[in-house]
Amino acid sequence: MRREKLDQIDRRILDDLQSDGRMTNVELASRAGISAPPCLRRVRALEESGYIRGYHADIDPALMGYGVTVFAFVGLTSQAESDLVKFEDCVAGWPLVRECFMLQGETDFLLKVVAEDLASYNKFLTNELTAAPNVAHVRSAITIRHSKQAFGVPIDTSPDPQE
């Protein structure tokens, strides 16, 4: 049951929760300019309608032993829907792959992969990724530095002149 239109308060709630999902309902309500009970009702409605898909902790990969992040550009030999789905099913079973995007253009998929080190990535690349059915080629881009991470989407919290 998707809400037809988000008002300024809904957008403010989404923006604040996107920045800090552990914010208390009282603080969230205060920032949104409403009392706590209606704020909680709005949050639940945003969850039920699918705007809020979940809450997650932002884990430091390096502290967990993952020192390398690689973007793998994967080309398949066939782009038939059944082959695309089979590849996506394969990807779903690889814990090192943290994100997967199907692309339009020269590359079929972009994978964000984390690994302990370059040797671990190379092992994954040769034993799993390039060995997967229908994979024609893989181009890897190893990250040097991570300078920005913005979760979610930009949310306009300015007043809507038509409200």
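Our subject is the structure that appears above.
Residues numbered from 1 in each chain as written. Predicted model: local features only at pLDDT ≥ 70, side-chain atom pairs only at ≥ 80, totals over all residues. Heavy atoms only, no water.

S.K.: In this structure, what is going on with the overall build of the chain? I would like to understand it.
M.R.: On a plain count of helices and strands, the chain comes out with 5 helices and 4 strands. In the chain, the order of α-helices and β-strands from amino to carboxyl end is α-α-α-β-α-β-β-α-β. Taken over C-alpha atoms, the radius of gyration comes to 20 Å for the chain, far larger than the 15 Å a tight globule of 163 residues would show. Its C-alpha atoms put the chain at 55 × 40 × 25 Å along the principal axes. Counting only residues that meet the buried cut, the chain has 29% of its 163 residues in that class. Excluding contacts between residues fewer than 6 apart, the proportion of contacts in the chain whose partners are at least 24 apart in sequence is 66%. For the chain, the exposed surface amounts to about 11,100 Å²; the carbon and sulfur share of it is 52%. The chain carries 18 positive and 24 negative side-chain charges, and their two centres are separated by 4 Å. (Helix = DSSP H or I, 4+ residues; strand = E, 2+ residues; numbered from the N terminus. Rg over C-alpha atoms; globule rule 2.2 N^0.38 Å. Buried < 20%, exposed > 50% of the residue type's maximum accessible area, 1.4 Å probe, protein only. Contact = heavy atoms within 4.5 Å. Areas by Shrake-Rupley, 256 points an atom, 1.4 Å probe, with all protein chains shown as cover. Lys, Arg positive; Asp, Glu negative; His and termini not counted. Charge placed at Lys NZ, Arg CZ, Asp CG, Glu CD.)

S.K.: Looking at this structure, I do not really get the environment of Ser35. What am I missing?
M.R.: Position of Ser35 among the secondary structure elements: in the loop between helix H2 (25-32) and helix H3 (36-48). When the C-alpha positions of Ser35 and Lys148 are compared, they lie 34 Å apart, and in sequence the two are 113 residues distant.

S.K.: Is there a simple way to think about the pairing of strand S1 (residues 68-76) in this case?
M.R.: For a regular strand, side-chain orientation follows a simple rule: the groups alternate between the two sheet faces. Judged by how many residues are buried, S1 sits mostly within the fold: 7 of 9 residues are covered. Strand direction decides the pairing type here: S1 and strand S3 (residues 109-115), joined by 7 bridges, are antiparallel. In the strand pairing of S3, Val74 is matched with Phe109. Both S1 and strand S4 (residues 135-142) contribute to a ladder of 7 bridges, which runs antiparallel. What sits directly across from Ala72, in S4, is Ser140. (Pairing = 2+ DSSP bridges.)

S.K.: Explain the side chain of Asn134 here, please?
M.R.: As for its placement among the helices and strands, Asn134 is situated in the loop between helix H5 (118-129) and S4. Using a relative accessible area of 19% as the deciding quantity, one classes Asn134 as buried.

S.K.: Whenever I open this one, the pattern of salt bridges confuses me. Can you help?
M.R.: Pairing between side chains becomes possible if they bear opposite charge and their charged atoms approach one another. All told, the structure shown has 6 salt bridges when counted by the stated rule. One salt bridge in this structure joins Arg31 and Asp16, with 3.4 Å as the shortest N-O distance. Note that Arg31 is positioned in helix H2 and Asp16 in helix H1 (residues 8-19), a separation of 15 residues in sequence. (Salt bridge = Lys/Arg side-chain N within 4 Å of Asp/Glu carboxyl O.)

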